[in-house]
Amino acid sequence: ELEDLSGSIWYGVKVRQIDYEDADRRIELSDLELQVDWSKTNTSHVAISRLSAKRLTIISLSESEPDPQPLNLDIPELPVRVSAETIELKAVDFDGTIVNEIAVEGVDARDLRIRAAQASAAFGKYRVQLDNLDAELVADVALSAVFAWQAADGSWSGEGSVSGSLHRLEVEHRLFGE
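About the cut-offs
Residues numbered from 1 in each chain as written. Predicted model: local features only at pLDDT ≥ 70, side-chain atom pairs only at ≥ 80, totals over all residues. Heavy atoms only, no water. Phe/Tyr/Trp six-rings, centres within 6.5 Å; stacked < 30°, edge-to-face > 60°. Helix = DSSP H or I, 4+ residues; strand = E, 2+ residues; numbered from the N terminus. Buried < 20%, exposed > 50% of the residue type's maximum accessible area, 1.4 Å probe, protein only. Contact = heavy atoms within 4.5 Å. Pairing = 2+ DSSP bridges. Axes fitted to C-alpha atoms, helices over the stretch in contact; angles between N-to-C directions. Core = buried A, V, L, I, M, F, W, Y, C linked by side-chain atoms within 4.5 Å. Patch = residues over 30% accessible without salt bridge, like charges linked within 9 Å, V, L, I, M, F, W, Y side chains within 5 Å. Areas by Shrake-Rupley, 256 points an atom, 1.4 Å probe, with all protein chains shown as cover. Salt bridge = Lys/Arg side-chain N within 4 Å of Asp/Glu carboxyl O.

Caption draft 1: The packing of aromatic side chains, seen in detail. Scanning the entire structure with this criterion turns up two aromatic pairs. Ring centres of tryptophan 10 and tryptophan 38 lie 6.0 Å apart, and the angle between their planes is 5°; on these two criteria the pair is classed as stacked. In this pair, tryptophan 10 sits in the loop between β1 (2–8) and β2 (12–21) while tryptophan 38 sits in the loop between β3 (25–36) and β4 (45–60), placing the two residues 28 residues apart along the sequence.

Here is the structure:
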């Protein structure tokens, strides 16, 4: 269900609220804005200059917790290359777990590979930043990135890198603080 759709595909689209519900979950997205860079878009490439939303809420409707299962990704390849200069979400709520101020810049997605120049998010009083993110969405997701984080009061921070895959992830980390 869409509420208050305004703008145009050519100059940018705004949607006040998008709601979706099925037997397992309810998804709510508020204040969505989408601007396409038509000068860079063609039949094999969709270029997004800005994609933002105020809040994404995902609520599980099943009452019982499912048994833990191994990660099984069955993601179809993208039919075209998709790039985005900026993606911003003010808040994401996954069944009460809230991640704030998600920002991703320099996104390039092609086939099953996603790259981003920079991604950041806040978890409570901590902020995490990933640089040069590179992920391939196959059965075992390959990852590499450089990251930095800092406590809101500045007392603790860290930096490092991750490489490998979700099956075998290697982390190098340096911690700074009082």
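Caption draft 2: Up close: the side chain of aspartate 37. Secondary-structure assignment places aspartate 37 in the loop between β3 and β4. You can call aspartate 37 buried: its relative accessible area is 16%. For aspartate 37, the residues in contact, after removing those within four places along its chain, are Ala47, Ile48, Ser49 and Glu85.

Caption draft 3: Broad picture of unusual backbone geometry. One non-glycine residue, aspartate 31, adopts positive backbone phi at about 55°. Among the structural elements, aspartate 31 can be located in strand β3. Take aspartate 31: its relative accessible area is 34%, and that puts it in the partly exposed class. A positive phi angle is found at aspartate 95, which is not glycine, with a value near 50°. Within the secondary structure, aspartate 95 sits in the loop between β5 (81–94) and β6 (97–110).

Caption draft 4: Representation of the sheet that holds strand β8 (residues 126–136) in the model. If you walk across this open sheet you meet the 11 strands as β1-β2-β3-β4-β5-β6-β7-β8-β9-β10-β11, and the pairing is mixed. Each end of this open sheet is capped by a strand with a single partner; those strands are β1 and β11 (169–177). Averaged over neighbouring strand pairs, the angle between their axes works out to 15° when direction is ignored. Pairing of β3 with β4 involves 10 bridges; the strand directions are antiparallel. Note on β4: the bridge partner recorded for glutamate 33 is serine 52.

Caption draft 5: Focus on the side chain of serine 30. The topology assignment puts serine 30 in strand β3. Owing to a relative accessible area of 14%, serine 30 belongs among the buried residues under this scheme. Sequence-distant contacts of serine 30, that is, excluding residues within four places in its chain, are made with Val15, Arg16, Gln17, Ala53, Lys54 and Arg55.

Caption draft 6: Geometry of the nonpolar core. Ranked by size, the top nonpolar core spans 17 residues in total, and within it Leu29, Leu89, Ile102 and Val104 carry the most contacts. When contributions to this core are tallied by element, the ones reaching two or more residues are β2, β3, β4, β5, β6 and β7 (113–123). The greatest single-element share of this core, amounting to four residues, is contributed by β6.

Caption draft 7: Up close: a nonpolar patch on the surface. A cluster of nonpolar residues, Ile9, Trp10, Tyr11 and Trp38, forms a patch on the protein surface that exposes about 540 Å² of accessible area. Checked against the element boundaries, tyrosine 11 lands in the loop between β1 and β2. According to the relative accessible area criterion, tyrosine 11 is exposed, its value standing at 67%.

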